[in-house]
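# Descriptive analysis of the structure
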Amino acid sequence: MAMNRIQFQPGLSLAGFLDQYGTEAACARALRQARWPKGFVCPRCQYRRYSRCANRHGERLWQCSACRHQSSLISDTLFASTKLPLTRWFLALYLLTQSKTNMAALELMRHLGVCYRTAWRIKHKIMQGMTEREAGRQLGGIVTMDDAYLGGERNGGKAGRGSENKVPFVIALELSDVGYPHQAVMTPVSGFTLKALAAWTQQHLRPQADVYSDGLGAFRSVIAEGHAHTVIESAGGRAATEAGDMRWLNTVLSNVKRSLDGTYHAFKFSAYIHRYLAEAQWRFNRRFDLKILVPRLLVALARCQPWPERRLRAVTPFRPAELQR
Ligand SMILES: [Zn+2]
């Protein structure tokens with residue numbers, strides 16, 4: 001699909017969304033289908049037989065016939081212990097997936113009619129679901145990659161590489177044979193060292209990827225990991241080869257930076273940058289069909305373990321690839 005057809009695809013209209021997910025019962029049905037597509041599975045012991053019961057609030061429970069563990073529709077998922085109706089959550093899923101640009105917690109607060117802290121929790125839980133969904137993504141074939149930085153501009157740091165208060169991240173794009181972008185990975189790293197890039201490479205490149213980047217020394221680590229590596233001369237130098245065309249990478253990078261800077265300008269990027277980047281990555285990698293984003297995201301959240309606010313806030317500022325192994 002050409003880029004303009006991606007931009008002009010109709011997506012899911014608000015009316016269409018309300019037809020599908022406008023009631024608690026419809027949302028519960030959709031969540032149940034996302035969580036247990038082949039029927040109930042006990043989250044403790046994986047047993048499938050159950051008896052039905054209810055808690056004192058009348059909420060439906062599934063009691064495992066083997067271990068007697070009681071599950072509600074939302075327990076052991078990212079929705080666990082929420083006091084909000086599912087319709088609000090689904091509206092948040094709709095707003096965060098169908099809007100053209102990112103939506104910050106403040107805007108989400110206004111649309112959902114909740115307090116800021118609740119909107120922040122919803123936003124970060126949804127981004128956490130996207131982060132876990134994207135964590136295992138690997139690129140292969142022709143891959144262009146670059147070093148990039150977010151934040152810090154307002155603190156008087158130097159521009160470009162190595163400036164203070166900026167959070168470094170890797171952006172990489174898998175291209176088709178004709179140079180069209182397939183999928184992207186955007187992840188924070190502790191710095192552009194050989195060690196950090198080697199760990200990133202092991203985690204995010206499939207064997208024998210054909211890597212194109214500029215001449216930054218740390219990118220040599222992809223060779224040590226067994227990949228072909230071609231250095232592309234930077235702007236003003238000789239023209240890039242068609243295979244290693246960096247134009248798409250630059251376009252995607254500037255879109256992401258503009259979108260993040262425009263949406264989250266009041267926040268420190270460093271604290272939760274892995275989630276902000278994963279959100280951008282999740283959206284980019286699903287840009288071909290906006291209509292399926294709500295059900296896709298629902299599956300991600302239903303399979304995600306609970307993330308109470310304390311845990312959402314306590315997460316290490318960023319999780320560089322070399323620390324995850
Ligand atoms: Zn069980």
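Definitions and limits used
Residues numbered from 1 in each chain as written. Predicted model: local features only at pLDDT ≥ 70, side-chain atom pairs only at ≥ 80, totals over all residues. Heavy atoms only, no water. Helix = DSSP H or I, 4+ residues; strand = E, 2+ residues; numbered from the N terminus. Buried < 20%, exposed > 50% of the residue type's maximum accessible area, 1.4 Å probe, protein only. Axes fitted to C-alpha atoms, helices over the stretch in contact; angles between N-to-C directions. Parallel < 35°, antiparallel > 145°, perpendicular 65-115°, else oblique. Left-handed = near helix turned anticlockwise from the far one by under 90°. Contact = heavy atoms within 4.5 Å. Nonpolar A, V, L, I, M, F, W, Y, C, P; charged D, E, K, R; others polar. Donors = N, O, S within 2.8 Å, 3.2 Å for Na, K, Ca; no water. Tetrahedral: all angles 85-135°; square planar, octahedral: opposite > 155°, others 65-115°. Salt bridge = Lys/Arg side-chain N within 4 Å of Asp/Glu carboxyl O. Core = buried A, V, L, I, M, F, W, Y, C linked by side-chain atoms within 4.5 Å. Domains from an automatic or database assignment. Pairing = 2+ DSSP bridges. pLDDT = per-residue confidence, 0-100.

Looking at an unreviewed UniProt entry, the protein carries the name IS1595 family transposase, with the source organism given as Rhodanobacter terrae.

### Some words on unusual backbone geometry
Non-glycine residue Q46 carries a positive phi angle of around 70°. Tracing the sequence through the fold places Q46 in the loop between α3 (24–35) and β1 (50–54). Using a relative accessible area of 53% as the deciding quantity, one classes Q46 as exposed.

### Quick look at the packing of α3 against helix α4 (residues 86–98)
Interhelical geometry of α3 versus α4 gives an angle of 65° and a closest axis separation of 8 Å. Comparing their axes, α4 and α3 come out roughly perpendicular. Pair α3 / α4 crosses with left-handed handedness. Where α3 approaches α4, its residues E24, C27, A28, A30 and L31 are matched on the opposing element by L86, T87 and F90. Counted by class, the contact of α3 with α4 contains six nonpolar, one polar and one charged residues.

### Some thoughts on the coordination of the zinc ion
Each protein donor to the zinc ion is listed here as C42 (SG), C45 (SG), C64 (SG) and C67 (SG); together their distances run 2.3 to 2.4 Å. Metal-centred angles of 101 to 118° between the four donor atoms at the zinc ion mark the site as tetrahedral.

### Notes on the pattern of salt bridges
Within the structure shown, the criterion is met by seven salt bridges. Here E134 ties to R137 by a salt bridge, and the two come within 2.6 Å at their closest N and O atoms. Of the two residues, E134 and R137, neither departs from the other in class, the shared state being buried. Within the structure, one salt-bridge network assembled from shared partners comprises R117, R121, E309 and R313.

### Here we look at the nonpolar core
Nonpolar side chains tend to gather and get buried jointly when the protein is soluble and globular. One finds F90, L108, I126 and M186 to be the most contacted residues of the largest nonpolar core, which totals 72 residues. Both domains that furnish three or more residues to this core are identified here as domain 1 (36–76) and domain 2 (142–268). In this structure M186 touches F169, V170, I171, V252, V256, L277, A280 and Q281, once residues within four positions along its chain are discounted.

### Observations concerning the sheet that holds β1
In space, the three strands of this open sheet follow the order β1-β2-β3, with antiparallel pairing throughout. Looking at strand neighbours, the two that pair on one side only are β1 and β3 (70–71), the edges of this open sheet.

### Observations regarding the packing of α4 against helix α5 (residues 105–112)
Between α4 and α5, the shortest axis-to-axis distance is 11 Å and the interhelical angle comes to 130°. Between α4 and α5, the angle falls in the class oblique. Classified by chirality, the crossing of α5 by α4 is right-handed. For the pair formed by α4 and α5, the contact residues are R88, L91, A92, L95 and L96 on the first element and L108, H111 and L112 on the second. Considered class by class, the residues forming the contact of α4 with α5 number six nonpolar, one polar and one charged.

### Side note on the confidence of the model for the protein
In the predicted model, the protein carries a mean pLDDT of 86, and the fraction of residues at 70 or more is 85%. Looking over the protein, one finds the lowest element-wise mean pLDDT in helix α13 (residues 321–324), namely 41, and the highest in α3, namely 97. Long-range and interchain partners of residues 154–159, a stretch whose pLDDT sits below 50, account for eight contacts in this model, where long-range means more than four residues apart. Segment residues 236–240 is flagged for pLDDT under 50; beyond a separation of four residues in sequence, or across chains, it makes four contacts in the model.

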